Amino acid sequence: MKSIFKVPDISFRAYRVWQRNRDSYKRFYKANLIGSLGEPVMFLFGMGLGIGGYLASMEGVSYIQFIASGIIMVTAMYSATFECTFGSYTRMMGQKTYDGILATPLTVGDIVMGDILWGATKSLISGGIMLAIIIIAGLMKGPVIFIIPILMLIFLVGLMFASMAMIATALSPSYEFFSYYFTLTLTPMFFFSGVFFPLEKFPLIIKGISYLLPLTYAVNISRSLVTENFSYIALSGFPLLLALTIILVIVAVNMIEKRVVK
Amino acid sequence: MIIAKNLVKKYEEITAVDGISFVINRGECYGFLGPNGAGKTTTMKIINCMSPLTSGNVLVCERHVKTKPREIKALTGVVPQEENLDPDLTVFKNLLVYARYFEVPSNEAESRVEELINFLNLSEKIDSHINELSGGMKRRLLIARALINNPEILILDEPTTGLDPQVRHMIWQKLRQLKKNGITMLLTTHYMEEASQLCDRIAIMDKGKILIEGNPVTLVEEKIGKEVLELRINNAMENELLQKLNRFEFTHDRVGDTLYMFSRDGRELLQYLVSNDYPLVLHRPATLEDLFLKLTGRGLRE
């Protein structure tokens with residue numbers, strides 16, 4: 001157990017792995033963007049306008065505006081997760097890219113950190129575009145300056161889910177394993193983190209579980225920044241998410257190391 | 001250049017390397033030979049800090065593998081047994097991205113990449129993707145990639161396995177050229193000819209131990225002799241023949257239907273066999289392969 005929390009050897013060279021991923025992304029970015037943006041855009045307008053048509057308001061804002069702030073977070077969550085499950089697993093097992101890099105001065109820590117940073121960058125790309133769509137659609141009600149903390153939040157959520165995905169990758173015997181991960185980890189967050197409806201009306205048990213899901217805190221911060229209902233209490237989720245992310249990064253590096261270094 | 005003392009590597013139940021020691025000098029080409037599972041690849045991986053050792057000591061360029069892995073890896077180039085080129089990138093980009101891992105400045109990297117692509121005759125494929133390359137091209141690209149950081153030590157794990165003779169000979173040419181330029185080379189191979197062509201010294205390994213070490217030519221002469229006679233005769237004939245031959249000096253070994261006779265000077269023996277009409281199959285110089293089989297046995301390793 002202790003070895004999972006060992007301080008990892010991570011250096012600036014993680015940036016080299018990030019660069020490698022960026023270079024290979026340039027080839028596929030179109031398909032990639034449509035894949036990661038198509039669904040959230042449809043959720044936003046499909047549910048937002050469809051269900052929104054029947055609802056006067058939710059927590060004092062229009063329904064589409066209510067879900068917009070959450071959907072930015074969901075987009076960030078899925079982008080980073082896809083990258084660091086299927087993407088990283090392919091690089092680690094199928095393509096042996098990790099083995100190739102390990103013959104250079106880079107460590108496992110550099111590689112894992114590079115992949116996590118890249119996963120978060122992809123969150124930033126798709127989450128940022130989502131944010132732009134929301135602004136253009138006139139759904140952003142917070143002050144313009146809040147765009148900066150929202151982007152920071154997107155990146156942090158990206159880092160967190162990328163690290164979590166790396167842990168899944170370290171444990172995964174094959175691609176099939178990821179469908180468990182998605183169903184058991186991401187789908188509950190999708191439904192029970194307050195993205196589509198407030199947590200207030202849920203039974204106490206589900207409410208309790210919701211507060212164990214990190215996405216809940218991210219959605220609360222996002223909503224506080226995007227809608228008129230700014231709250232300092234929501235912002236207190238920031239350090240919580242940051243602390244959790246740091247722990248997840250450390251565990252991810254140690255678990256991948258166990259898998260690739262024999 | 002490389003000093004290993006009592007090197008041990010254990011994987012849970014299996015002992016892959018069982019207390020070996022060796023010294024590899026600067027500018028030398030040193031080969032590890034051995035059947036599958038002998039511990040050759042593991043030894044290479046430990047030297048390149050890819051795999052942690054269980055016990056013992058390995059110094060590479062005066063640096064300990066346990067404490068200075070980044071520095072050691074910066075000084076070495078590796079051609080792995082299993083191809084691990086980056087399929088998402090072109091030939092050119094593969095090398096450029098690899099140069100970045102070694103912090104080669106970008107303007108220097110580009111000229112270095114072009115130089116290496118020319119050196120390994122890959123210029124026509126510079127913008128191709130990896131899946132468009134043949135096996136031989138991939139291997140040459142792996143060698144180019146291993147040289148991107150101007151390494152002092154080049155580690156080659158079965159550099160020509162599965163390649164056609166043309167490519168194999170070309171790679172040998174290139175490796176000899178590199179050696180002339182002073183690079184220290186370490187290689188594993190299953191091809192005895194490769195070891196004879198390239199290596200100043202070899203170590204024959206089996207079951208995690210080094211059985212013998214030395215110059216390939218001298219070793220063969222000392223342990224096997226100069227010439228080999230192969231006779232295809234049955235057991236009964238063999239006993240009869242061997243009795244008649246006790247005035248000649250030679251050693252022998254029987255495998256299946258063939259009797260191998262090793263001797264320092266086989267002319268008289270040959271004359272006797274020919275004039276007595278024995279079914280002689282082959283008279284040839286002794287090779288490293290004879291020594292290898294003598295030491296590691298003929299049982300299959302699967």
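Since this is a predicted model, take the numbers as computed values, not measurements.

**What about the overall build of chain B?**
Scanning chain B from N- to C-terminus turns up 11 helices and 14 strands. A total of 302 residues make up chain B; the buried ones form 40% of that total. Long-range pairs, those at least 24 residues apart, make up 70% of the contacts in chain B between residues at least 6 apart in sequence.

**Notes on the overall build of chain A**
Broken down by element type, chain A carries 10 helices and 0 strands. Order of helices (α) and strands (β) in chain A, N terminus to C terminus: α-α-α-α-α-α-α-α-α-α. Taking 18 Å as the expected radius of gyration for a compact globule of 262 residues, we find that chain A reaches 19 Å, a close match to that expectation. In terms of overall dimensions, chain A has a C-alpha envelope of 60 × 40 × 35 Å along the principal axes. For chain A, buried positions account for 47% of its 262 residues.

**Let's talk about the pairing of strand β11 (residues 227–231) of chain B**
All names here are of chain B. Here β11 pairs with strand β13 (residues 258–263) via 5 bridges, running antiparallel. If you follow L229 over to β13, its bridge partner there is M261. As defined by bridge partners, β11 adjoins strand β14 (residues 280–285) across 5 bridges and the pair is classed as antiparallel. For E230, the partnering residue across the bridge sits in β14 and is L282.

**So, the sheet that holds strand β12 (residues 251–255) of chain B**
Residues and elements named next belong to chain B. Spatial strand order, β12-β13-β11-β14: 4 strands in an open sheet with antiparallel pairing. On the outer flanks of this sheet lie β12 and β14, each paired with one strand and no other. Across the sheet, the mean angle separating the axes of adjacent strands is 20 degrees when strand polarity is ignored.

**Considerations on the interface of chain A and chain B**
Between chain A and chain B, the contact holds 19 residues from the first and 22 residues from the second. With 6 residues, helix α1 (residues 14–50) of chain A is the single largest residue contributor to the side of chain A that touches chain B.

**A few points about α1 of chain A**
Compared with the 54 Å implied by 1.5 Å per residue over 37 residues, the 44 Å span of α1 of chain A between its first and last C-alpha is markedly short. Of all the bends in α1 of chain A, the greatest measures close to 75 degrees and is centred on F28 of chain A. Of the positions making up α1 of chain A, those classed as buried are A14, R16, V17, W18, R20, N21, S36, P40, L44 and G48 of chain A. The inward-facing, buried residues of α1 of chain A contact α2 (63–94), α3 (97–102) and α4 (108–136) of chain A together with α3 (91–101) of chain B.

**Looking at the packing of helix α8 (residues 214–226) of chain A against helix α10 (residues 237–260) of chain A**
Residue and element names in this part refer to chain A. In the contact formed by α8 and α10, the axes pass within 9 Å of each other and the chain directions differ by 145 degrees. Considering only the axes of α8 and α10, their crossing is left-handed. Packed against α8, whose contacting residues are P214, Y217, A218, N220 and I221, the element α10 presents G237, F238, L240, L241 and L244 at the interface. Classifying every residue of the contact of α8 with α10 gives 8 nonpolar, 2 polar and no charged.

**Description of the sheet that holds strand β3 (residues 29–33) of chain B**
Residue and element names in this part refer to chain B. The mixed open sheet is built from 6 strands, whose spatial order is β6-β7-β8-β3-β9-β10. Since the sheet does not close on itself, it has two edges, and those belong to β6 (76–79) and β10 (209–214), each with one partner. Ignoring strand direction, the axes of neighbouring strands in this sheet form an average angle of 15 degrees. In this structure, strand β7 (residues 153–157) lies alongside strand β8 (residues 184–189), joined through 5 bridges in parallel fashion. The partner of L154 across the bridge, within β8, is M185.

**What to know about the pairing of β6 of chain B**
Residues and elements named next belong to chain B. Of the two faces of β6, the one lined by T76 and V78 and the one lined by G77 and V79 are each fully buried. Judged from the 4 bridges that link them, β6 and β7 form a sheet pairing that is parallel. Each residue of the ladder has a partner; that of G77, found in β7, is L154.

**Here we look at the confidence of the model for chain A**
Averaged over every residue, the pLDDT of chain A is 92; the share at 70 or more is 99%. Within chain A, the element-level pLDDT minimum falls on helix α9 (residues 232–235) of chain A, averaging 87, and the maximum on helix α5 (residues 147–171) of chain A, averaging 97.

**Re the nonpolar core**
Counting residues in each nonpolar core, the largest one holds 152 residues, and the members touching the most others are M77, I116, V157, M166 and A252 of chain A together with L186 of chain B. It is α2 of chain A that provides the largest number of residues to this core, a total of 17 residues. Once residues lying within four places of it in the same chain are set aside, the contact partners of I116 of chain A are C84, L159, A162, S163, M166, V249 and A252 of chain A.

**A word on unusual backbone geometry**
All names here are of chain B. With phi around 45 degrees, N6 is a residue other than glycine that occupies positive phi space. Mapped onto the elements of the fold, N6 is located in strand β1 (residues 2–11). Its identity is not glycine, yet E158 carries a phi of approximately 50 degrees, on the positive side. Considering the arrangement of structural elements, one finds E158 in the loop between β7 and α6 (165–180). E158 gets classed as buried once you count the C-beta atoms within 10 Å, which come to 20.

**Here's the deal with α5 of chain A**
Over its 25 residues, α5 of chain A extends 36 Å from the first C-alpha to the last, a length consistent with the 36 Å expected when each residue adds 1.5 Å. Of all 25 residues in α5 of chain A, 18 are buried; the element is thus mostly enclosed.

**Considering the packing of α1 of chain A against α3 of chain B**
Taken N-terminus to C-terminus, the directions of α1 of chain A and α3 of chain B make an angle of 165 degrees; their axes are 9 Å apart at the nearest point. Regarding the angle of α1 of chain A to α3 of chain B, the classification is roughly antiparallel. Handedness of the α1 of chain A/α3 of chain B crossing: right-handed. On α3 of chain B, the residues that touch R16, Q19, R20 and D23 of chain A of α1 of chain A are K93, V97, R100 and Y101 of chain B. Here the residues of the contact of α1 of chain A with α3 of chain B sort into 2 nonpolar, 1 polar and 5 charged.

**A closer look at the confidence of the model for chain B**
In this model, chain B carries an average pLDDT of 90, and 98% of its residues clear a pLDDT of 70 or more. Reported for the predicted complex are a pTM of 0.91 and an ipTM of 0.89.

**Some remarks on the environment of P35 of chain B**
Counting through the fold element by element, P35 of chain B comes out in the loop between β3 and α1 (40–47). Distance from P35 of chain B to V79 of chain B, taken between C-alpha atoms, is 19 Å for residues 44 residues apart in sequence.

**Some words on the environment of L33 of chain B**
Residues and elements named next belong to chain B. Note on placement: L33 falls in strand β3. Here the alpha-carbon distance between L33 and T188, two residues 155 residues apart in the chain, equals 5.9 Å. Among all residues touching L33, those that are not within four sequence positions of it are T189, A195, I202, I204, M205 and F292.

Rules used throughout
Residues numbered from 1 in each chain as written. Chains lettered and ligands numbered in written order. Predicted model: local features only at pLDDT ≥ 70, side-chain atom pairs only at ≥ 80, totals over all residues. Helix = DSSP H or I, 4+ residues; strand = E, 2+ residues; numbered from the N terminus. Buried ≥ 20, exposed ≤ 12 C-beta atoms within 10 Å, placed from the backbone. Contact = placed C-beta atoms within 7 Å. Rg over C-alpha atoms; globule rule 2.2 N^0.38 Å. Pairing = 2+ DSSP bridges. Axes fitted to C-alpha atoms, helices over the stretch in contact; angles between N-to-C directions. Expected span 1.5 Å × (residues − 1). Bend = angle between axes of the 7 residues up to and from the residue. Left-handed = near helix turned anticlockwise from the far one by under 90°. Nonpolar A, V, L, I, M, F, W, Y, C, P; charged D, E, K, R; others polar. pLDDT = per-residue confidence, 0-100. Core = buried A, V, L, I, M, F, W, Y, C linked by C-beta atoms within 7 Å. Parallel < 35°, antiparallel > 145°, perpendicular 65-115°, else oblique.

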